[in-house]
Amino acid sequence: MSAGSAFGASGEIENDEGERLQKVLARVGWGSRRECEFLIDQGRVKVNGEVAILGRRVKTQTDKVEVDGVSIGVAPGLVHYLLNKPVDVITTAKDTHGRQTVIELVPLEPRVFPVGRLDADTEGLLIMTNDGELGHRLTHPSFGIEKEYLAHVQCGQNGVSESALKKLREGVELDDGLTSPADVGQLQTGVLRIVIHEGRNRQVRRMCDAVGYPVERLVRVRIGPIIDRTLAPGNWRHLTTNEVVALNQATAN
Ligand code: URA
């Protein structure tokens, strides 16, 4: 037992600092406090790499909490939104040309930032959060989070050729280098499903340009495990706890 700690009336170990782990876990959506106590009892929760025992307190700003080996953000006030970005809305905090920004489409407080970016003329799913650590992992190339797009391209009635699809799959030479292998299919004539795990500027548009099929409409329909076919353009919702866990899982080392 560390200095300043004592057994409380409930028999749990208490110390002077931090918030009770089961309370913290319940706050971020892992269930009722009882359910969270059960998680801890089962040895599924670690704090700073050590299996936690019931009564453990955590400093939510600095301690690293994991459930089932997956690190989770527990600082109070973390929010995670999923926005369906419409066209002509800019993915920056402020636009010098006075255009609408994604920041204006979600609650102003707490302040959030977009995770990665979509071009003004690209639609679809965008995560916005104040969870800096998760945001960093989602955009860092080393984690290679998949992003899935539907690209409507200009083509003749025969659609996109097999040789162009093959090039898109295997890698296309762009002015900033060869693209990594991608998962590419033609869902219907001129509509491509493209899954990439890089995040270069205007990557999908440039890939399609490079093989001779310019993009007319581009929609992001998936970010790692996150999909939503019902969220209308311009609308946002909170990510569920399960979704946040899935994102953490997808970026676990
Ligand atoms: N690729 C693009 O070309 N544009 C986007 O907005 C995202 C991926």
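Residues numbered from 1 in each chain as written. Predicted model: local features only at pLDDT ≥ 70, side-chain atom pairs only at ≥ 80, totals over all residues. Heavy atoms only, no water.

A. Here's a closer look at the nonpolar core. Counting 33 residues, the largest nonpolar core has M128, A151, V153, L192, I194 and V204 as the members making the most contacts within it. Composition of this core by domain shows at least three residues from each of domain 2 (80–142 + 225–250) and domain 3 (146–223). When residues no more than four places from it in sequence are discounted, the contact partners of L192 are Y149, L150, A151, V153, V160, L165, L168, G185, Q186 and C208. Counting 14 residues, the second largest nonpolar core, distinct from the first, contains L21, V45, V58 and V67. (Core = buried A, V, L, I, M, F, W, Y, C linked by side-chain atoms within 4.5 Å. Buried < 20%, exposed > 50% of the residue type's maximum accessible area, 1.4 Å probe, protein only. Domains from an automatic or database assignment. Contact = heavy atoms within 4.5 Å.)

B. Layout of the domain arrangement of the protein chain. What the domain assignment reports for the protein chain is domain 1 (5–72), domain 2 (80–142 + 225–250) and domain 3 (146–223). For domain 2 versus domain 3, the distance between C-alpha centres works out to 22 Å. On the domain 3 side, the residues contacting the 16 residues of domain 2 number 11 residues. Across the domain 2/domain 3 interface, buried area totals approximately 1,100 Å², and carbon plus sulfur atoms make up 40% of it. When residues of domain 2 are sorted by the area they lose upon contact with domain 3, D119, E123 and L125 head the list and together hold 39% of the total. Taken together, the links from domain 2 to domain 3 amount to five salt bridges. Put simply, R205 and D121 hold a salt bridge, and the shortest N to O gap is 3.4 Å. The tally of links between domain 2 and domain 3 comes to 11 residue pairs in polar contact (both at pLDDT 80 or more). Where the side of domain 2 that touches domain 3 is concerned, the elements lending two or more residues are β11 (122–129) and β18 (226–227). In terms of residue count, the dominant contributor to the side of domain 2 that touches domain 3 is β11 (six residues). Within the side of domain 2 that touches domain 3, the residues separate by chemical class into nine nonpolar, two polar and five charged. (Buried area = accessible area lost by both parts, 1.4 Å probe. Salt bridge = Lys/Arg side-chain N within 4 Å of Asp/Glu carboxyl O. Polar contact = N/O pair within 3.5 Å; in protein donor to acceptor, adjacent residues only side chain to side chain. Helix = DSSP H or I, 4+ residues; strand = E, 2+ residues; numbered from the N terminus. Nonpolar A, V, L, I, M, F, W, Y, C, P; charged D, E, K, R; others polar.)

C. Examining the sheet that holds strand β4 (residues 45–47) more closely. If you walk across this open sheet you meet the four strands as β5-β4-β7-β8, and the pairing is antiparallel. Strands with a single pairing partner mark the edges of an open sheet, and in this sheet they are β5 (50–51) and β8 (70–72). Bridge count between β4 and strand β7 (residues 65–67): three bridges; the pairing is antiparallel. Bridge assignment links V45 to a residue of β7, and that residue is V67. (Pairing = 2+ DSSP bridges.)

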